[in-house]
Amino acid sequence: MACPSPLDKIERLKAKIDAVFLKVNRTSGKLKEQGGKGFPQIPDVPQPSPTPTTSIEDVNVTQGKTEFQTSTQGYWNPSTAGYTERGGSFYKVFRTRKNYTSAQQTCEADGGHLAVANTEAINNFIVQQISGRNDSWIGLNNKNSEGTWMWADGTRLAGCAFSNWAPKQPSMNQGQKCVQMWSSRRYKWDNTLCHRLKYFTCQIGPGEDSNCDKNAGRRSG
Ligand SMILES: [Ca+2]
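Residues numbered from 1 in each chain as written. Predicted model: local features only at pLDDT ≥ 70, side-chain atom pairs only at ≥ 80, totals over all residues.

- Under an unreviewed UniProt entry, the name given to the protein chain is C-type lectin mannose-binding isoform-like, and the source organism is Branchiostoma floridae.

1. Remarks on the pairing of strand S8 (residues 198–204)
Okay, so step 1: Counting buried residues along S8, 7 of its 7 residues qualify, which places the element largely inside the surrounding structure.
Okay, so step 2: Looking at chain direction, strand S3 (residues 113–114) and S8 are connected through 2 bridges and run antiparallel. Its bridge partner lying in S8, Leu114 is registered against Cys202.
Okay, so step 3: Direction of pairing for strand S4 (residues 136–141) relative to S8: parallel, over a ladder of 2 bridges. Looking at S8, one finds that Ser136 is bridged to Tyr199. (Buried ≥ 20, exposed ≤ 12 C-beta atoms within 10 Å, placed from the backbone. Helix = DSSP H or I, 4+ residues; strand = E, 2+ residues; numbered from the N terminus. Pairing = 2+ DSSP bridges.)

2. Comments concerning unusual backbone geometry
Keep in mind that most residues, glycine aside, have a negative phi and that most peptide bonds are trans.
Okay, so step 1: Residues Gln169 and Pro170 are joined by a peptide bond in cis, for which omega reads 0°.
Okay, so step 2: The residue Pro170 is located in the loop between strand S5 (150–151) and strand S6 (178–182) in this model.
Okay, so step 3: Despite not being glycine, Arg186 has its phi angle at roughly 55°, a positive value.
Okay, so step 4: Relative to the elements of secondary structure, Arg186 occurs in the loop between S6 and strand S7 (188–192).
Okay, so step 5: Notably, Tyr187 is not glycine yet its phi reads approximately 65°, a positive angle.
Okay, so step 6: The residue Tyr187 is located in the loop between S6 and S7 in this model.
Okay, so step 7: Under the C-beta neighbour-count criterion, Tyr187 is labelled buried, with 24 such atoms within 10 Å.

This is the structure:
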């Protein structure tokens, strides 16, 4: 074969240059593609508790939860203190016996109050937490006004659709101003003497949306 002519050399050189351009273009395309995806995502850091894991059923509860989390996050965690989350609030049965006032103070020290069992659902939930045959205080009393039963969140029992008195309760006995879940009456409610020592249930957070009427009249509960 004859020595390649200068023209052939130029053609080959052009072909090489084209090949290089093609390669550069492909690489550049890949880089653009990569660039469009941005930097690799840093995985989300898991949120610390008390992020509830149960499903949220209505908007009011969701709002309550958000407010509550904002107010407590960062300095105290009910979950690690033995509280169980339900619908954005936290509940705990304390298995030491205290009188009503001491029980209330224990709940307040945790940032809550004695439990408000103002719907059948939350009442049943609390009963399930009380294991064994133990009477347990709830946040219901008429210490400030005879005949007017007040929940620990400031609502009147009379304004709520739900109540769960044991048969013949509340009894009219003088001084029975505090309400227990009465184990020998299937944990239905009984008014009894506040100085008695009983288990008790605390609640942190807004609790259930009970539809209790905060402006209910001063009728007897
Ligand atoms: Ca009674």
